[in-house]
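# Analysis of the macromolecular model
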Amino acid sequence: MTFDSAGIPSNHIHFEVHGEGVPLFLGFPLMASQAEIFGEEGAAVLRGYLDRLTDRYRVLVADYPSIGKSGSIPTAELTADRVGSDLLRVADAAGFDRFAFWGFSWGGAAGLQLASRTDRLSALVCGGWPPLGGQYAEILQASREAAANPPAGVMAVLREPAQYAQWVTFYESVVDWQEAEAISRIACPRMTYVGSEGDPTAGHEVPISIASTIRARRSELESMGWCVKEIPGRDHSVCLDPATVVPVVREFLDAVP
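Rules used throughout
- Residues numbered from 1 in each chain as written.
- Predicted model: local features only at pLDDT ≥ 70, side-chain atom pairs only at ≥ 80, totals over all residues.
- Heavy atoms only, no water.
- Helix = DSSP H or I, 4+ residues; strand = E, 2+ residues; numbered from the N terminus.
- Rg over C-alpha atoms; globule rule 2.2 N^0.38 Å.
- Buried < 20%, exposed > 50% of the residue type's maximum accessible area, 1.4 Å probe, protein only.
- Contact = heavy atoms within 4.5 Å.
- Areas by Shrake-Rupley, 256 points an atom, 1.4 Å probe, with all protein chains shown as cover.
- Lys, Arg positive; Asp, Glu negative; His and termini not counted.
- Charge placed at Lys NZ, Arg CZ, Asp CG, Glu CD.
- Pairing = 2+ DSSP bridges.
- Axes fitted to C-alpha atoms, helices over the stretch in contact; angles between N-to-C directions.
- Disulfide = S-S within 2.5 Å.
- Core = buried A, V, L, I, M, F, W, Y, C linked by side-chain atoms within 4.5 Å.
- Expected span 1.5 Å × (residues − 1).
- Bend = angle between axes of the 7 residues up to and from the residue.
- Salt bridge = Lys/Arg side-chain N within 4 Å of Asp/Glu carboxyl O.

With that settled, the discussion passes to the overall build of the protein. A tally of helices and strands in the protein yields nine helices and nine strands. Expected size for 257 residues packed as a compact globule is a radius of gyration near 18 Å; at 17 Å, the protein falls within 12% of this value. Summarising its shape, the C-alpha atoms of the protein cover approximately 45 × 40 × 35 Å along the three principal directions. Classification of the 257 residues of the protein by burial places 53% in the buried group. At a minimum sequence separation of 6, the contacts of the protein that also span at least 24 residues come to 73%. Only carbon and sulfur atoms are counted for the fraction: they give 51% of the accessible area of the protein, which is about 10800 Å². For the protein, the distance from the average site of its 20 positive side-chain charges to the average site of its 32 negative ones is 5 Å.

This is how it looks when you write it as structure tokens:
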């Protein structure tokens with residue numbers, strides 16, 4: 001077993017469960033240690049989700065990857081396979097057999113990788129990331145360019161600059177992913193949503209066309225059974241506004257058998 005600099009086993013993932021009912025795993029960028037990482041403003045975001053979900057859902061949140069009270073995974077090990085295995089391990093520890101998974105941005109991309117590796121998902125919500133046309137190569141390039149000098153905004157989550165290399169590892173592991181084939185095999189109810197102005201930047205200002213791609217592929221996604229929602233006038237930070245986002249997603253989740 002390996003340990004990080006704080007003496008925490010690198011395979012330890014801290015998580016919390018809130019509420020009772022239908023199992024729902026809220027992935028990145030929501031975290032169990034939201035308050036410790038982001039202060040009261042971040043804590044209010046998580047509370048906003050939980051207050052709007054726990055009447056019906058048993059909500060699992062985790063410090064992942066390598067954040068909060070979890071151990072630091074060696075940066076060279078954060079492959080898509082490792083992410084899928086880790087997320088299932090957390091679900092097991094929380095007593096979740098079948099569960100819905102909801103992630104946004106990198107959490108949405110991680111959800112796609114999870115859904116392509118397991119039949120345990122009762123539903124998938126892929127927010128802020130296009131299920132078809134994902135710009136993996138572009139983000140890999142941006143991550144490589146920014147690894148030596150990570151963007152300041154990212155360092156609010158990371159423990160040290162060297163940790164940014166984990167994103168290089170992840171995107172290297174999916175850059176040749178057979179996306180169309182994998183997406184066609186996801187059988188659970190599935191949704192993607194995005195702010196209409198949600199074409200953010202990665203690394204040091206590399207444009208990533210998330211909203212534009214989802215809009216362009218909307219008909220194709222809907223023909224494959226995806227629920228596609230666009231939130232007018234909002235950008236990639238819409239995930240920080242639970243009052244807007246949760247009602248949109250709950251309409252989908254509440255209808256899942």
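Moving on to the sheet that holds strand β5 (residues 121–127). As summarised here, the arrangement of the seven strands in space is β1-β3-β2-β4-β5-β6-β9, forming an open sheet in which the pairing is mixed. Looking at which strands have only one partner, the edges of the open sheet turn out to be β1 (15–18) and β9 (226–231). Pairs of neighbouring strands in the sheet enclose a mean axial angle of 20 degrees, with direction left out of account. Relative to strand β6 (residues 190–195), β5 runs parallel, the two being bridged by four bridges. Looking at β6, one finds that L124 is bridged to R190.

Counted under the stated rule, the structure contains zero disulfides. The structure places no disulfide on C126, whose sulfur is separated from the nearest cysteine sulfur, that of C188, by 11 Å. In this model C239 remains outside any disulfide bridge; the closest cysteine sulfur is found in C126, 13 Å from its own.

Membership of the largest hydrophobic core comes to 58 residues, with the highest contact counts inside it found for F99, W106, L112, L124, W129 and Y171. Among residues more than four places away in sequence, those in contact with W106 are F28, Y64, P65, L78, V83, W167, F170 and Y171. One finds L50, V61, A123 and I231 within the second-largest nonpolar core, a separate group that totals 28 residues.

What follows covers the pairing of strand β2 (residues 22–26). With five bridges connecting them, β2 and strand β3 (residues 57–62) associate as parallel partners. Paired with L24 across the bridge in β3 is V59. The pairing of β2 with strand β4 (residues 99–104) spans three bridges and is classified as parallel. Counted as the bridge partner of L24 is A100 from β4.

Attention shifts here to helix α1 (residues 34–53). Over its 20 residues, α1 extends only 17 Å from the first C-alpha to the last, a length that falls short of the 28 Å expected when each residue adds 1.5 Å. The largest bend in α1 is about 115 degrees, located at E40. In this structure, the buried side of α1 is in contact with β1, β2, β3, β4 and α9 (242–253).

Let us look at the environment of A115. Among the structural elements, A115 can be located in helix α3 (residues 106–115). Ignoring anything within four residues of it in the chain, the contact list for A115 reads L121, L124 and I186.

Tracing the chain through its elements places Q34 in helix α1. Discounting chain neighbours no more than four positions away, the residues touching Q34 are P29, G39, G42, A43 and L46.

Scanning the model with the defined rule gives 16 salt bridges in all. Of the charged contacts, one joins R82 and E77 as a salt bridge, the two residues approaching to 2.9 Å between their closest N and O atoms. According to the relative accessible area criterion, R82 is buried, its value standing at 17%. According to the relative accessible area criterion, E77 is partly exposed, its value standing at 38%. Between R217 and E220 there is a salt bridge; the shortest N-O distance is 2.8 Å. Accessibility expressed as a relative area gives 26% for R217, which makes it partly exposed. When salt bridges that share partners are traced, they join D55, R56, R250 and D254 into one network.

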